[in-house]
Amino acid sequence: MRLRRCRANPLSPWYRSLYIAEIAPSGSRGRLVVLNQIATVIGLLAAQIVKVALGTVESWGRRRLLLVGCAGLAIIYAAVGAGYVMGVQGWPLLLLVVTAIATYATTLAPVTWVALSEIFPGEAHGASMAIATTALWAACFLLTYTFPLLTARARTGVTFWIYGAICAAGFIMGWPAPSSRHRV
């Protein structure tokens, strides 16, 4: 199958990239280039959103951002899972994924780093941050490593439902946490 470009689309790179990715043979070099471009755009978007989100940590408070992030991601992952189970493709899933990235980047991403920097006492701050950061990156590795394993065994939709359940559990565990708004 040949790679083709989508003609005259006002939504430019997103639709064109999806179009090319959908028609490209699974092992083609062109598909990998397009998927890398999508990943780059998403990464740049997430970085900009985090910059904006750091200002909301103080105004909204850590607890509210934690709860909004966990609940929002649980709902979005449930929808993504349902989309995969029902065979939905293209724009609806892309919009849900971009919404999930924006939700994470505006809520849980800044809260995690702010909370880690504030919970340890001054005398043990450096060593404690090193251990906490290592644990965080280990968890990120496990998430990334297990995604293809879960997808192969339980299908993509069920995998997103599992991640949604984890976010719902985070919401439940975060509910009793005291608010830190305007206290630090």
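Structural data are supplied above this passage.
Below you will find a few notes about this structure. Being a predicted model, the structure only gives us computed values, none of them experimental. (Residues numbered from 1 in each chain as written. Predicted model: local features only at pLDDT ≥ 70, side-chain atom pairs only at ≥ 80, totals over all residues. Heavy atoms only, no water.)

### Points about the layout of surface pockets
Here's step 1: Counted as a void, the largest pocket has a volume near 1400 Å³.
Here's step 2: Contributing to the lining of the largest pocket are 37 residues, with Leu-73, Tyr-77, Tyr-104, Cys-140 and Leu-143 lying nearest its centre.
Here's step 3: At the level of elements, helix H2 (29-60), helix H3 (62-86), helix H4 (91-106), helix H5 (108-119), helix H6 (125-154) and helix H7 (156-174) are the ones that each hand at least two residues to the lining of the largest pocket.
Here's step 4: When the residues that make up the lining of the largest pocket are grouped by side-chain class, the tally is 30 nonpolar, seven polar and no charged. (1 Å grid on protein atoms, 1.4 Å probe; cavity = no way out; pocket = protein on both sides within 12 Å on 5 of 7 lines; lining within 4 Å. Points joined across faces, edges and corners; volume = space filled by probe spheres on them. Helix = DSSP H or I, 4+ residues; strand = E, 2+ residues; numbered from the N terminus. Nonpolar A, V, L, I, M, F, W, Y, C, P; charged D, E, K, R; others polar.)

### Description of the side chain of Thr-159
Here's step 1: Locating Thr-159 in the fold gives a position in helix H7.
Here's step 2: Since its relative accessible area comes to 0%, Thr-159 is described here as buried.
Here's step 3: Among the polar contacts listed, one links the side chain of Thr-159 to the backbone oxygen of Arg-155, at a separation of 2.8 Å. (Buried < 20%, exposed > 50% of the residue type's maximum accessible area, 1.4 Å probe, protein only. Polar contact = N/O pair within 3.5 Å; in protein donor to acceptor, adjacent residues only side chain to side chain.)

### Re the nonpolar core
Here's step 1: Core analysis: the biggest nonpolar cluster contains 12 residues, these being Cys-70, Leu-73, Ala-74, Ile-76, Tyr-77, Val-80, Leu-93, Ala-100, Leu-108, Phe-160, Tyr-163 and Cys-167.
Here's step 2: Broken down by secondary-structure element, the contributors of at least two residues to this core are H3, H4 and H7.
Here's step 3: With sequence-adjacent residues up to four places away left out, Ala-74 is seen in contact with Gly-164, Cys-167 and Ala-168.
Here's step 4: Ile-38, Ile-42, Ile-49 and Ala-105 belong to the second largest nonpolar core, which has six residues in total. (Core = buried A, V, L, I, M, F, W, Y, C linked by side-chain atoms within 4.5 Å. Contact = heavy atoms within 4.5 Å.)

By themselves, these observations are geometric and do not establish any function.
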